Amino acid sequence: MAQLDAAADLTAGTDAGLRHFTSVMTGWTEPEVTALAGGPAVLAPSEVEKADEMADSCLLLGRLAREGQEGLVRGPLDRTRQHWIGTSPHELVPHRRPALDRERFTAPGGDSGPPSTKPFHLGLYTSTARRDGPGMWRMYLDLGSSLHPRPWQTWQLPVTDPTADVLDIGGASDWAAFVGRYPLVRGDDVYPDWAKAARDFAGVHMTLRAIVAAQGFRIPVADGLAVAPFWDVESVLWLRWCFSAPSLVEITPPDDWP
């Protein structure tokens, strides 16, 4: 929390605050969180609500909400400003292409694939674009991730389907309730069952408040311990295709582009 609030007095505007959040939370890797906690980072049931209260005391989140970013902080999702960014192939993901692929979506009731708190084998991720600048996924890419080489294609995906229900995850309590409602149990570990969630929701929106409260923590649920989530930035995992008229916003060329 102290790292996040080091930006509380910045006067450079919302963009600087969101970039600071991105740089701090992407540094919270699982080994670092485990080391800080002296072992697996587990929130006791009595601590889950306190984690949400601590997130509410975050000065940076409070400032972002006052500056018109309440939808990013705790929802609801702005369906008109969703951006997806396609990145180029990498040696670890040679088949990746910077283009929209409708075939990546899971069918409701189908196979969830390998268990994960943030799956990359299904669905499609967007983040909310600011009215005067990029979304947080673009900010993450600008930090210099070697796993996502350029060129990048940024697409605007308007969500116009009135039946497309989106679940806003607003805190640690919401995350625990979500995993508890759609459990995929592997031993003592409990993951979200994304295929089952797709029966009820077109998308799951991880807000900044939820990231602050829940990132890196295992939380008790009815079937065991929910595996710690690491989402880093405000995002939506879309489990159904519910976009109309996607439009290409920008192509970011390679650094060595002439």
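A quick note: this is a predicted structure, and the numbers were derived from the prediction, not measured.

A. Local environment of unusual backbone geometry. Residue Pro 76 is reached from Gly 75 by a cis peptide bond, and omega for that bond is 0°. If you trace the backbone, Pro 76 turns up in the loop between α5 (59-74) and β1 (82-86). Residue Pro 151 is bonded to the preceding Arg 150 through a cis peptide linkage, with omega at 5°. Topologically, Pro 151 is positioned in the loop between α6 (136-142) and β3 (152-156). For Asp 232, which is not glycine, the phi dihedral falls at a positive 70°. Inspection of the secondary structure puts Asp 232 in the loop between β9 (224-226) and β10 (235-238). Looking at Asp 232, the relative accessible area reads 18%, which means it is buried. A positive phi is found at Ala 245, a non-glycine position, where the angle reads about 50°. Structurally, Ala 245 is set in the loop between β10 and β11 (247-252).

B. Here's a closer look at the sheet that holds strand β6 (residues 189-192). The mixed open sheet is built from four strands, whose spatial order is β5-β6-β9-β8. Of all strands in the sheet, those bounded by a partner on one side alone are β5 (183-186) and β8 (219-221). Averaged over neighbouring strand pairs, the angle between their axes works out to 40° when direction is ignored.

C. Broad picture of the layout of surface pockets. In this structure, the largest pocket encloses a volume near 1000 Å³. If you trace the largest pocket, you find 34 residues lining it, with Arg 96, Phe 120, Tyr 125, Trp 137 and His 148 closest to the centre. If one sorts the elements of the lining of the largest pocket by residue count, strand β2 (residues 124-128) sits on top with four residues. Residues that form the lining of the largest pocket fall into these classes: 18 nonpolar, ten polar and six charged.

D. Broad picture of the sheet that holds β1. Spatially, β4-β7-β10-β2-β1-β3-β11 is the arrangement adopted by the seven strands of the open sheet, whose pairing is mixed. Of all strands in the sheet, those bounded by a partner on one side alone are β4 (166-169) and β11. Across the sheet, the mean angle from the axis of one strand to that of its neighbour is 25°, orientation sign disregarded. Relative to β4, helix α7 (residues 172-181) is tilted by about 135°, and along the sheet it contacts β4 and β7 (203-206).

E. Structural detail: the packing of aromatic side chains. Under the definition given, this model contains nine aromatic pairs. Ring plane angle 35° and centroid distance 5.3 Å describe the contact between Phe 120 and Tyr 125, whose orientation is recorded as tilted. Pairing Trp 175 with Phe 178 gives two aromatic rings, centres 5.9 Å apart and planes at 50°, and the pair type is tilted. With Trp 175 and Phe 178 both in helix α7 and three residues apart, the pair spans about one turn of that helix. Given the relative accessible area of 0%, Trp 175 is considered buried. An aromatic cluster of at least three residues, connected via ring pairs, comprises Trp 175, Phe 178, Tyr 182, Trp 194 and Phe 201. The residue whose ring lies beneath Lys 118 is Tyr 125, and the NZ or CZ to ring-centre distance is 5.7 Å. The residue whose ring lies beneath Arg 150 is Trp 152, and the NZ or CZ to ring-centre distance is 4.6 Å.

F. The arrangement of helix α2 (residues 14-25) in detail. In this model, α2 (twelve residues) spans 17 Å end to end at C-alpha, consistent with the 16 Å of a helix rising 1.5 Å per residue. Burial runs high along α2: nine of the twelve residues are buried. Buried residues of α2: Thr 14, Ala 16, Gly 17, Leu 18, His 20, Phe 21, Thr 22, Val 24 and Met 25, and no others.

What counts, and where the lines are drawn
Position numbers for residues start from 1 in each chain and track the written sequence from start to end. With pLDDT at 70 or above as the cut-off, local features in this predicted model cover only qualifying residues; side-chain atom pairs require 80 or more to be listed or tallied, and sums for whole chains, interfaces and linings still use all residues. As a rule here, side-chain values come from all non-hydrogen atoms in the structure, and water together with hydrogens is ignored. Only DSSP runs of H or I covering at least 4 residues are called helices, and only runs of E covering at least 2 are called strands; the numbering of each starts at the N terminus. Three labels apply to residues, based on accessible area from a 1.4 Å probe with only protein chains included: buried if under 20% of the type maximum, exposed if over 50%, partly exposed otherwise in between. Here, any two strands with at least 2 DSSP bridges between them count as paired. Every axis in this analysis is a line fitted to C-alpha atoms, fitted for helices over the stretch in contact. Angles between the N-to-C directions lie between 0 and 180 degrees. The rule is simple: put a 1 Å grid over the protein atoms alone, call a set of points where a 1.4 Å probe fits but cannot get out a cavity, call an open set with protein on both sides within 12 Å along at least five of seven lines a pocket, and count a residue as lining if it has an atom within 4 Å of a point. Grid points are joined across faces, edges and corners, and a volume is the space filled by probe spheres set on the points. For this classification, the nonpolar set comprises Ala, Val, Leu, Ile, Met, Phe, Trp, Tyr, Cys and Pro, the charged set comprises Asp, Glu, Lys and Arg, and every other residue, Gly included, is treated as polar. Only heavy atoms matter for contacts: two residues are in contact if any of them lie within 4.5 Å across the pair. Think of it this way: a Phe, Tyr or Trp ring, Trp meaning its six-membered ring, pairs with another when their centres are within 6.5 Å, and the plane angle makes it stacked under 30 degrees, edge-to-face over 60, tilted otherwise. Criterion for a charge above a ring: Arg CZ or Lys NZ at most 6 Å from the ring centre, at most 35 degrees from the ring normal. Every helix has an expected span of 1.5 Å times one less than the residues it contains.

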